[in-house]
Each structure stands twice: as C-alpha cells, then as structure tokens.
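For reference, the chains in residue letters:
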Amino acid sequence: MDVTENLARERQLKLAAKVFDNASEGILITDADAQIIAVNPAFCKITGVAPESALGRVSRMFKSSLDSNEFNRDMLMSLEVNGHWQGELTDRRASGEHYPAWLSISAVREECGAISNYVGVFSDITGRKEAEERLYFLANHDPLTRLPNRSLLHQNLSHALARAKLGAQQLAVLFIDLDRFKTINDTLGHDAGDRLLQEVSARLKCCARSSDTIARLGGDEFTVIMEAFPDSQTVVNVAERILAVLSQPVSLQMRDYYVTCSIGIALYPNDGQDAQTLLKNADVAMYRAKELGKNNYQFFSKEMNAAAFEHLLMENSLRQALDKGEFEIHYQAQVELQQNRIIGLEALVRWRHPEHGLISPTRFIPLAEENGLIVPLGEWVLEQACLQARIWQNLGFPPIRMAVNLSPRQFQPHGLIKAVRRALDRSDLDPQWLELEITEGMIMRNAEEAIQIMSELKKMGVQLAIDDFGAGYSSLYNLKRFPIHNLKIDRTFIEGLPKDGDDAAIAEVIIAMAKKLGLKVIAEGVENNAQLAFLREQGCDLVQGFMFSKPLPGDEVEQLFRNLGIYQDEYQAVLPLSVQTNYTEVV
Ligand code: C2E
Ligand code: MG
Ligand code: MG
C-alpha cells in the first residue's frame, strides 16, 4: 500500500498540533452547537480555566455580553455569511478578573456546506489597552497636577453643554487665577512653584463634586465646570469654599506662604451658549475680580465685556501709539500766590487716538504701566517737556519750571538717572528748571533706594516734588528723610474747601507741617475763589487748577504768555488768568 499520502497528512496533523499547543494566542474549538471540544495551553494560561472544566461547556465567545445569555446576532450573521468574525470584547478569567480580549472566530464547514465547528483565536490585549490609555491620559492631562488639560476641558465642556441643553439646566464655568504665583515662582524657584500648583490642585479637588471637571489651563490658571446645580447659591458656595481653602497657608521650604486667587464665573445659558464664549466671559469676570483687589469672585456681566473689549482695543493700539506719534503734551500753569505769577508748568500727556479723539492719561497710563510702555513713553514726555521749556526760553519768555510726572516703573536707580541726564543734554536745559513729580508709594516701597535716587537727582540740580500728597500712606514725619522741595496736596482735599471740615483740617495741617519742614506747598485742582481764599489764608505757596488754566497745548500756552504780557517785564499775571481757547478736552 502506498502510504505517502497518509504520512504527509500525519505530518500535517502533527504540525497543526504543535502550532495549537505552542501558540501564544488562546485557541478553542467548538462543535456546531458552540460546545467546547478542544482548548490549547494558552487558552488555559490566559483564562485560568483548566481544560477539563472548559470541555463540554458552551463557549462564552458567542455571547453578546459577559453576563447575558443572549447570542451576539451580528457575530452569528457574519459567521454564517462570511465564515468569519473578529472584534474586541471583555472576557473574565477564572479568578473573576475582567480583561480585554481581541477575538477572531472562523466557522469550519463540512463538504455539504453545513457548519461543523467554530475555531476561536484570542489574545489578552490588556498591555496594549494600558498603553493606549496612558497615551490618552498623557495627551489630555497636565503632567504636573494630573488634572485634565485645556484639550480635555474643551471636550468635557462641550459634553456638559449638550447635557445642560437637553435637560434645560444651568452650567457654571469658574475661571481661577492665583494672585501672586509669579512672585513665589520668581523668589523661591520653579520647584517650589510646582509644589504650590500641586497643592492648589489637591485643594481644588476638595471643593468640587467628583462629577465636576477641574482642569489646569496652564500656568497658574485653573477652571472648574459645575453641572446640574439647584441654584446659583451653590456656585457662590463653591467659589467661597475655593477662596477659603486656597487662603490657608502653604508650607514651602520650611516656611508658610499665603496665596490667594481671583475667580470669574460665567453661567450657561445667560452668559454664553458655547464653550468659547463661556470661557472668555469667565476670564473677563476673573480680570474684574483682580481689579477689585484680588482674593474675590465675580459673576460675569455684560458691562464687563464692554470694558474688557475697550481694554484690549486700547492695549493693541497703545503699543503702536508711540511710534505713530499719537501722544502729545499739554501744560498746566502753576501760579505763585504771593506775587501772582506763573512760575511753573506741569507737563501732562494725552493720547490723540485717530478714532477716539483725545484720551485722558487716567485711562491709558494704568495700561501703559501694566504692559511696560510707560518707560519709553515716560522718557519721551521727559525729553519733549525739557525741549519745550528750552524752546520757550530761546523765544525770549522768562524761564519757567517744567514739572514732569514719573511712574513707579521709571523710578529705577540706573534707568532714571540716565534718562534725566539724556533729556537735559539733548535739550540743553539748565537742571534747575526741571522738576520731577513722584508719589508717596514710589518712595515708601524701598525707602533706602529711593533716597539714593533722589539724592543723585538733587546733586544734578533737579527739583523734586511729592505728587498727590495725602492720598498715600506715608507720614509727614517720614518725608523729613527725603530730599524733596515741593509738596502737592492731593486734589481730593481741595475739593471740599473751605466748607468740609475734614478737608479744611487736613489741608491746614499739611500746609503748616510742610512749612516747618521747609517745603513749598502746591494745591492741586483749585477751581474757585472760596478755595483760593482759604489756601491763601493758610499760607499755601502755589496753586494749580482750572480756575487759572486748564492743561493747554503748547501753542495755546504761548498765546497765554503773550496775553499776559510776559514778554515785557516780569511774569506778572493778573488773577485769574484767562485765555481765549477753542480747545475742549475729551475725557
Ligand atoms: P496729576 O499729576 O495729579 O495731574 C493733575 C491732574 O489734575 C491732571 O489730570 C489735571 O488735568 C487735573 N486737574 C488740574 N486742575 C484741575 C481742576 O481744577 N479740577 C479738576 N477736576 N482737575 C484738575 P490729567 O491731565 O488727566 O492727569 C491725570 C494723571 O495722569 C496725573 O495726575 C498723573 O498722575 C498722570 N499723568 C499725566 N501725565 C503723565 C506722564 O507724562 N507720566 C506719568 N507717569 N503720569 C502722567
Ligand atoms: Mg502730577
Ligand atoms: Mg497730582
């Protein structure tokens, strides 16, 4: 008998058995009724089920879910039609532990076409799943705090919005920004900053429900999404809890530090219908909270948006305004009371905006201070004012003192001295005609450094004045230590003169004590005769205010000088000064 064919088949069978035994995938074979007739060692290894317990039982692989007895119809259909099915499912090991499996099933047919067996090949894909999940986690979370990042926040927010729409419910977006994070980061280093952020995120988690999303947007910005709350009082409670837990001290490098935060809140549907608008408006409200002194929360309101828009608009055009030459200086007369003459001018900057007209410094100086433009702008004002003073001297007007305001950011040891020197050199102005106005805050912050800067300026021959005196928190006694010449009483104390008893008492004391200290006193914002009479009586040296002259553009100042006949003898001025002007100021 020729057994070649038999031998070949036997070899084939042996090979198949080897593959069956050694495959790393679990393999099980069932009959047409899904009863298991064979399993390989990998099957036992993966499932933890011994062969004798598996054989004869109905395979779970045809079930639509782990705990149901229903057969997966799609799978059976596919096996019937294509003879094949594959997909992912969750299986259970003998220990009861669930694991993800990738399963592929093939139907084996007899020659007549009827299905005789099913062969299932499956593998444990826990490792792959974990890797996928790790990747997903990394892509959607902040590695430092392990909180959802911006991308996951957006996903969660749009899902939450969809739910809120469906259920006709409110939703709140809280935008949280730490108040002095930069200082801690700068002074204690980034490691301490990182630890602080981790501590903050742990505390935030305690304030919200587990269903709420807490995300870190980057830097020191966090966001909380609150869903399905009964009323806005709940949101208030959460905001207050956040303020309270964050204000507890944080221990860094063996010391306690205090950080606070500012919170802005926007509500769906009132403050925005989509994720972007809600986040933007919560941000706007957060800025408002900062403006209101930090460590508080603010609900968004429509007026805030207008203010924020203006802010943005200004900031963008403000940056270019200096290069475009849109700033100009107006000058306000300072009148010496004993002799009734103008002895000084204060240089006050304005911004001539191409669309918005003349803009007051009270609106753009704070912005310029925020974005740093104040330094080049301040230097420009200083130089222009010195040049103008010199030009008027060259034209034959009697010399007049030019007062220039300084911002805290300009009040630096090296920058300021250099800038003043340069302005004096370029204009060729004698330093005695320049006066610099500084505020109490500037000198109290770092008194030693301030004394050093001021002494240097004094040595150069420049005059120094304290502006807005009384509005800050320094004392007259402290002023003794500073080399200043003039004191400008803040306008708020002049306003109520002479009727307001408090104002009158304060003005009286400031004048009397300044005299004792050998300082000259200037009253700002003098608008009427009653104020003037009171100030005269108290012995105030100089006055400045609308009663004499508003701040005027250079050419109108020249006109004023000519009207007063300043060309002829001294600078005698007839009080009140008057000048025909078609200039109106836009504030
Ligand atoms: P300031 O230095 O105290 O200037 C006096 C302000 O009072 C000026 O406002 C002036 O127009 C206003 N004023 C004068 N007389 C009267 C009056 O009789 N009644 C009333 N109601 N107001 C009067 P302005 O020009 O709007 O300047 C506001 C502030 O902007 C200044 O206060 C100063 O702090 C700042 N500023 C102006 N120019 C500059 C500058 O070049 N650099 C810096 N750093 N700050 C400047
Ligand atoms: Mg001033
Ligand atoms: Mg002032």
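Within any chain, residue numbers begin from 1 and follow the written order of that chain's sequence. Labels are handed out in written order, letters beginning with A for the chains and numbers beginning with 1 for the ligands. Selection of residues for local features in this predicted model requires a pLDDT of at least 70, selection of side-chain atom pairs for listing and counting requires 80 or more, and totals for whole chains, interfaces and linings are taken over all residues. Hydrogens and waters are ignored; side-chain quantities use all the structure's heavy atoms.

A. Focus on the coordination of the magnesium ion (ligand 2). Ligation of the magnesium ion (ligand 2) by protein atoms is provided by E346 (OE), N405 (OD1), E437 (OE) and D467 (OD), these donors lying 2.0 to 2.3 Å from the ion. Sodium, potassium and calcium take a 3.2 Å donor cutoff, other metals 2.8 Å, and in both cases only N, O and S atoms count; water is not among them, so sites may look incomplete. Distance-wise, the magnesium ion (ligand 3) is placed 3.9 Å from the magnesium ion (ligand 2), both being coordinated by D467. Separated by 30 residues along the polypeptide, E437 in strand 17 (residues 434-439) and D467 in strand 18 (residues 463-469) bring together distant segments of the chain. Neither E437 nor D467 differs from the other in exposure class; each is buried. Only DSSP runs of H or I reaching four residues or more are called helices, and only runs of E reaching two or more are called strands; each is numbered from the N terminus. Type-normalised accessible area, obtained with a 1.4 Å probe on protein chains alone, sets the label of each residue: buried when under 20%, exposed when over 50%, and partly exposed for intermediate values.

B. Inspection of the pattern of salt bridges at higher detail. A pair is scored as a salt bridge if a Lys or Arg side-chain nitrogen falls within 4 Å of a carboxyl oxygen belonging to Asp or Glu. Counted under the stated rule, the structure contains 24 salt bridges. With its nearest N and O atoms 3.1 Å apart, the salt bridge here joins D124 to R93. Of this pair, D124 sits in strand 5 (residues 115-124) while R93 sits in the loop between strand 3 (84-92) and strand 4 (98-109), and the two are 31 residues apart along the sequence. Residue classification places D124 among the partly exposed residues on the basis of a relative accessible area of 32%. When the shortest N-O distance is used, the salt bridge between E448 and R481 registers 3.1 Å. Residue E448 is found in helix 16 (residues 447-460), and its partner R481 is found in the loop between helix 17 (476-479) and strand 19 (486-489); the two are separated by 33 residues along the sequence.

C. Structural detail: the coordination of the magnesium ion (ligand 3). Within the first shell, the magnesium ion (ligand 3) binds the protein through D467 (OD), D468 (OD), E524 (OE) and E524 (OE), at distances of 2.1 to 2.4 Å. When the donor residues of the magnesium ion (ligand 3) are listed from N- to C-terminus, their spacing reads D-D-x55-E. By relative accessible area, D467 is classed as buried at 7%. Assessed through its relative accessible area of 28%, D468 is described here as partly exposed.

D. Summary view of the site of ligand 1. Taken together, the neighbourhood of ligand 1 is formed by 24 residues, with R350, D467, R491, E527 and F546 sitting nearest. Taking D467, its side chain carries an N or O atom lying 2.8 Å from an oxygen atom of ligand 1. Here a polar contact is taken to be a pair of N or O atoms separated by no more than 3.5 Å, where protein atoms must pair a possible hydrogen donor with a possible acceptor and residues adjacent in sequence count only if both atoms sit in side chains. E524 has a polar side-chain atom sitting 3.0 Å from an oxygen atom of ligand 1. Using a 1.4 Å probe, accessible areas were evaluated by the Shrake-Rupley method; residue-level cover was limited to the displayed protein chains. Expressed as a share of its isolated accessible area of 800 Å², the protein-covered part of ligand 1 is 85%. What makes a residue near a molecule or strand is one non-hydrogen atom of that residue sitting within 4 Å of it.

E. How the structure looks around the environment of A34. With respect to the element layout, A34 can be found in the loop between strand 1 (26-31) and strand 2 (36-39). Since its relative accessible area comes to 6%, A34 is described here as buried. Residue contacts are defined here by distance: any two heavy atoms, one from each residue, within 4.5 Å place the two residues in contact. For A34, the residues in contact, after removing those within four places along its chain, are R57, V58, S59 and F62.

F. Highlighting the state of the cysteines. Any two cysteine sulfur atoms within 2.5 Å of one another count as a disulfide. Under the counting rule described, the total for this entry stands at zero disulfides. In this model C261 remains outside any disulfide bridge; the closest cysteine sulfur is found in C207, 9.0 Å from its own.

G. Local environment of the side chain of R203. Take R203: it is sitting in helix 8 (residues 190-207). Look at R203 and you get buried, because its relative accessible area is 14%. For R203, the side chain forms a polar contact with the side chain of E199, separated by 2.8 Å. Aside from chain neighbours lying at most four places away, what touches R203 is V245, L246, Q248, P249 and V250.

H. Layout of the sheet that holds strand 12 (residues 297-299). Taking strand neighbours across the sheet as the criterion, the five strands line up as 7-8-6-11-12 in an open arrangement whose pairing is mixed. Pairing within the sheet leaves two strands with one partner each, and these edge strands are strand 7 (213-218) and strand 12. For this sheet, the mean inter-axis angle between neighbouring strands, taken without regard to orientation, is 20°. Think of it this way: DSSP has to see at least two bridges between two strands before they count as a pair. The pairing of strand 11 (residues 261-268) with strand 12 spans three bridges and is classified as parallel. The partner of I265 across the bridge, within strand 12, is F299. Each of strand 6 (171-178), strand 8 (221-227), strand 11 and strand 12 touches helix 9 (residues 232-246); the most contacted strand, strand 11, lies at about 165° to it. Docked against the sheet, helix 10 (residues 275-291) engages strand 6, strand 8, strand 11 and strand 12, running at close to 145° with respect to strand 11. Each axis is a line fitted through C-alpha atoms, and for a helix only the stretch in contact is used; angles between axes span 0 to 180 degrees, taken between their N-to-C directions.

I. Just helix 12 (residues 361-371), in detail. Every buried residue of helix 12 is accounted for by P361, F364, L367, A368 and N371. The arc that holds the buried residues of helix 12, viewed along the axis, is 140°, so those residues lie on one side. In helix 12, the exposed residues that point more than 90 degrees away from the buried face are T362 and E370. Looking one or two residues beyond helix 12, the residue adopting positive phi is G372, at roughly 90°. Relevant arc is that of directions from the helix axis to the C-beta atoms, nothing else.

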